[in-house]
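Residue-level structural notes
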Amino acid sequence: MTLIITAAAAVVATVVWFVLLPNNKFRIGVLALIYWAASLMWCVDGFANLFAGEPFIELHDSAVMSDDALLGGIVVLIGLIVWVVYLIVRGLRHTSPKTP
């Protein structure tokens, strides 16, 4: 479930990035890369589960699915927070006065 949620967030961020490509003020491409990296991480975790003899994605146990959905939501939220911090730091760096 975490893979599905982060992959959906990655697809949405990528589509928004391509739509707003001429206006690159908010660096949505960075957000898309954050989500694609998280999706890649969950894919690696799924393959590790397969090698351990477990299913790639657990879809039969509702308790596990709700926990995974909560984790996916938290990952998406943390990705947004990291992106906002990136924008703030980048904005502060570009607006700081230059010393002679």
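Shown above is the structure to which this text applies.
Fair warning: this is a prediction, and the values are worked out from it, not measured in the lab.

Further remarks concern the overall build of the chain. A count of helices and strands for the chain gives 3 helices and 0 strands. The linear arrangement of helices and strands in the chain, starting from the amino end, is α-α-α. Relative to a compact globule of 100 residues, whose C-alpha radius of gyration would be 13 Å, the chain shows 17 Å and is clearly more extended. Along the first, second and third principal axes, the C-alpha set of the chain runs to 65 × 30 × 25 Å. Burial statistics for the chain: of 100 residues in total, 21% are counted as buried. Counting only contacts in the chain whose residues sit at least 6 apart along the sequence, the fraction spanning at least 24 positions is 73%.

Here the focus is helix 2 (residues 28–51). The first and last C-alpha atoms of helix 2 sit 35 Å apart over 24 residues, in line with the 34 Å expected at 1.5 Å per residue. Residues of helix 2 that are buried include every one of I28, G29, L31, A32, Y35, A38, S39, W42 and G46, and no others. Downstream of helix 2 by a residue or two, G53 has a phi angle that is positive, lying close to 90°.

Before going further, it helps to spend a moment on the packing of aromatic side chains. Per the stated rule, a full pass over the model turns up 2 aromatic pairs. Each ring, one from W17 and one from F18, has its centre 5.2 Å from the other, and the planes form 35°; the classification is tilted. When the centroid spacing of 5.2 Å and the interplanar angle of 65° are considered together, the rings of F47 and F56 count as edge-to-face. For F47, a relative accessible area of 45% puts it in the partly exposed group.

What follows covers the nonpolar core. Core analysis: the biggest nonpolar cluster contains 9 residues, these being A9, A10, A13, I28, L31, A32, Y35, V76 and W83. Taken together, the elements giving at least two residues each to this core come down to helix 1 (2–19), helix 2 and helix 3 (62–95). Looking at which element gives the most residues to this core, the answer is helix 2, with 4 residues. Once residues within four sequence positions are removed from consideration, W83 is found in contact with F26, R27, I28, V30, L31 and I34.

Along the chain, the position of V12 falls in helix 1. Look at V12 and you get exposed, because its relative accessible area is 53%. Expressed as a C-alpha distance, the spacing of V12 and S39, which sit 27 residues apart in the sequence, is 13 Å.

Reading the values: the criteria
Residues numbered from 1 in each chain as written. Predicted model: local features only at pLDDT ≥ 70, side-chain atom pairs only at ≥ 80, totals over all residues. Heavy atoms only, no water. Helix = DSSP H or I, 4+ residues; strand = E, 2+ residues; numbered from the N terminus. Rg over C-alpha atoms; globule rule 2.2 N^0.38 Å. Buried < 20%, exposed > 50% of the residue type's maximum accessible area, 1.4 Å probe, protein only. Contact = heavy atoms within 4.5 Å. Expected span 1.5 Å × (residues − 1). Phe/Tyr/Trp six-rings, centres within 6.5 Å; stacked < 30°, edge-to-face > 60°. Core = buried A, V, L, I, M, F, W, Y, C linked by side-chain atoms within 4.5 Å.

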